[in-house]
Amino acid sequence: YYLARYSERKSLQAASQAVTTVEPDADLPLYLRRFRERAGSGPGQAAASALLEVDGERFTPEFAGTSRDKEIVAPPERKPQEDFATEIRIIRHGITQGYSTDAGLTPMGGWQSHQRGHSLSKSVRPGSKVRIVCADTSRARQTADQIYRGMNDGLQQWGRQADIGAPEPIPELRNFQVWTPEGPRDVTSAFRQYQALMEKMERMAVGDRPRWLVEIDRFYRTQLGGADPIYMWLTIPLMYFEPPQSCVRRFWRGFHRLMAESPDTRIIAATHSGPIRAFATWAHGYDPGEPYNTEEV
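What you see is a predicted model; the values in this text were computed from it and never measured.

A. The overall build of the protein chain, seen in detail. From N to C terminus, the protein chain includes 11 helices and 9 strands. Taken across its 297 residues, the protein chain has 38% of its residues classed as buried. In the protein chain, 67% of the contacts between residues at least 6 apart in sequence involve partners at least 24 apart. Here the protein chain displays about 18,000 Å² of accessible surface, and carbon together with sulfur accounts for 54% of that area.

B. Representation of the nonpolar core within the structure. One finds Met151, Ile216, Trp233 and Phe241 to be the most contacted residues of the largest nonpolar core, which totals 49 residues. Sort the elements by how many residues they give to this core and helix α7 (residues 187-204) lands first, with 6 residues. Among residues more than four places away in sequence, those in contact with isoleucine 216 are Val178, Ala190, Phe191, Tyr194 and Phe241.

C. Spotlight on the pattern of salt bridges. Under the defined criterion, the tally for this structure stands at 19 salt bridges. Residue glutamate 53 pairs with arginine 58 through a salt bridge whose shortest N-O separation is 3.3 Å. Take arginine 58: its relative accessible area is 46%, and that puts it in the partly exposed class. The salt bridge partner of glutamate 296 is arginine 89, with a shortest N-O separation of 2.2 Å. Of this pair, glutamate 296 sits in the segment after α11 (273-284) while arginine 89 sits in strand β3 (residues 88-92), and the two are 207 residues apart along the sequence.

D. Quick peek at the environment of arginine 174. Within the secondary structure layout, arginine 174 lies in the loop between β6 (168-169) and β7 (177-180). Judged by its relative accessible area of 33%, arginine 174 is partly exposed. Once the C-alpha coordinates of arginine 174 and threonine 271 are considered, the two residues, 97 residues apart in sequence, prove to be 7.0 Å apart. Residues within four places of arginine 174 in sequence aside, it is in contact with Ala135, Arg250, Phe251 and Pro275.

E. Spotlight on the packing of helix α10 (residues 244-261) against α11. Where α10 meets α11, the closest approach of the two axes is 9 Å, and the angle between their N-to-C directions is 90°. On the basis of the axis angle, α10 is roughly perpendicular to α11. Where α10 approaches α11, its residues Pro244, Cys247, Val248, Phe251, Trp252 and Phe255 are matched on the opposing element by Pro275, Ala278, Phe279 and Trp282. Of the residues belonging to the contact of α10 with α11, the class tally is 10 nonpolar, no polar and no charged.

F. Looking closely at the pairing of strand β9 (residues 266-271). Among the 6 residues that make up β9, 6 are buried, leaving the element largely enclosed by the rest of the structure. Side chains of β9 alternate between two faces, with Arg266, Ile268 and Ala270 and Ile267, Ala269 and Thr271 buried alike. The sheet contact formed by β3 and β9 spans 5 bridges and is parallel. Each residue of the ladder has a partner; that of isoleucine 90, found in β9, is alanine 269.

G. View of the side chain of threonine 271. Here threonine 271 shows up in strand β9. Setting aside chain neighbours within four positions, we find threonine 271 in contact with Ile90, Ile91, Arg92, His93, Ala135, Leu173, Phe251 and Ile276.

H. Inspection of the packing of helix α5 (residues 107-120) against helix α6 (residues 138-158) at higher detail. Following both chains from N to C, one finds α5 and α6 inclined at 45°, their axes separated by 6 Å at the closest point. In terms of their interaxial angle, α5 and α6 are classed as oblique. Two packed elements cross with a definite hand, and for α5 against α6 that hand is right-handed. On α6, the residues that touch Gly110, Ser113, His114, Gly117, His118 and Leu120 of α5 are Thr143, Gln146, Ile147, Arg149, Gly150, Met151, Asp153, Gly154, Gln157 and Trp158.

I. Spatial organisation of a nonpolar patch on the surface. A surface patch of nonpolar side chains, amounting to about 310 Å² of accessible area, comprises Ile95, Met108 and Trp111. Tracing the backbone through its elements, the reader meets tryptophan 111 in helix α5.

Each value, and the rule that gives it
- Residues numbered from 1 in each chain as written.
- Predicted model: local features only at pLDDT ≥ 70, side-chain atom pairs only at ≥ 80, totals over all residues.
- Heavy atoms only, no water.
- Helix = DSSP H or I, 4+ residues; strand = E, 2+ residues; numbered from the N terminus.
- Buried < 20%, exposed > 50% of the residue type's maximum accessible area, 1.4 Å probe, protein only.
- Contact = heavy atoms within 4.5 Å.
- Areas by Shrake-Rupley, 256 points an atom, 1.4 Å probe, with all protein chains shown as cover.
- Core = buried A, V, L, I, M, F, W, Y, C linked by side-chain atoms within 4.5 Å.
- Salt bridge = Lys/Arg side-chain N within 4 Å of Asp/Glu carboxyl O.
- Axes fitted to C-alpha atoms, helices over the stretch in contact; angles between N-to-C directions.
- Parallel < 35°, antiparallel > 145°, perpendicular 65-115°, else oblique.
- Nonpolar A, V, L, I, M, F, W, Y, C, P; charged D, E, K, R; others polar.
- Pairing = 2+ DSSP bridges.
- Left-handed = near helix turned anticlockwise from the far one by under 90°.
- Patch = residues over 30% accessible without salt bridge, like charges linked within 9 Å, V, L, I, M, F, W, Y side chains within 5 Å.

Set out below in structure tokens:
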């Protein structure tokens, strides 16, 4: 039966080439006929339809398929005052090898960051500018590098051109600091000094622990007990930790500087969960919780 149907379709196609009034596969559904017409189009037709155009914007069929939205979207016409001044996306770093040292990303963390950059490339308009910044730590820098590669790979896949700046670390996006006898240090860097001194003092059993060591010990023992040390930092005033309000002001200072240096530029910032939560708490009025790796705000 299938062979007979195949032979019948072939004969109808041959007849349609000779007589234009005969329509092949008339009993097939319309969507299937249209699909076969597109699949059987010649190279000239394929080249002509390589780019689609809607409302003056041209894009590849692949980009149209991957960016299709099931929601009802507003028309492209918008009032000038409704446009964004600057779009800033704050992204937490990918899965890291550990927090006891300034370690880089795991292979999964690198894949996460690349996928985030590839996903962001779908919303980049042709000819627009993107600036990628990060905190000056290994995990944040590697996250920014993979986002940069993912965005370029995505733009190449969608057939689009945009100005994507290479990642650059900026001081305003650093993690929250802890005061030590050697001066303010990143909380991860301070952990190494805390671990060495605690081991020495417990082994020798001499003298009282300094107050900064007691406070950072409380912070990390909260984490070891399964609780949330960032929530403790956000809600309990700590004498030797940088306050959350300071992180919020530092982030705003950095973003205003970037907006002044790069007007009409989208900004993507890769940093750490502690300052992100402080910034989100300031914006929402409550702590929205720990962001996932490569989650964006």
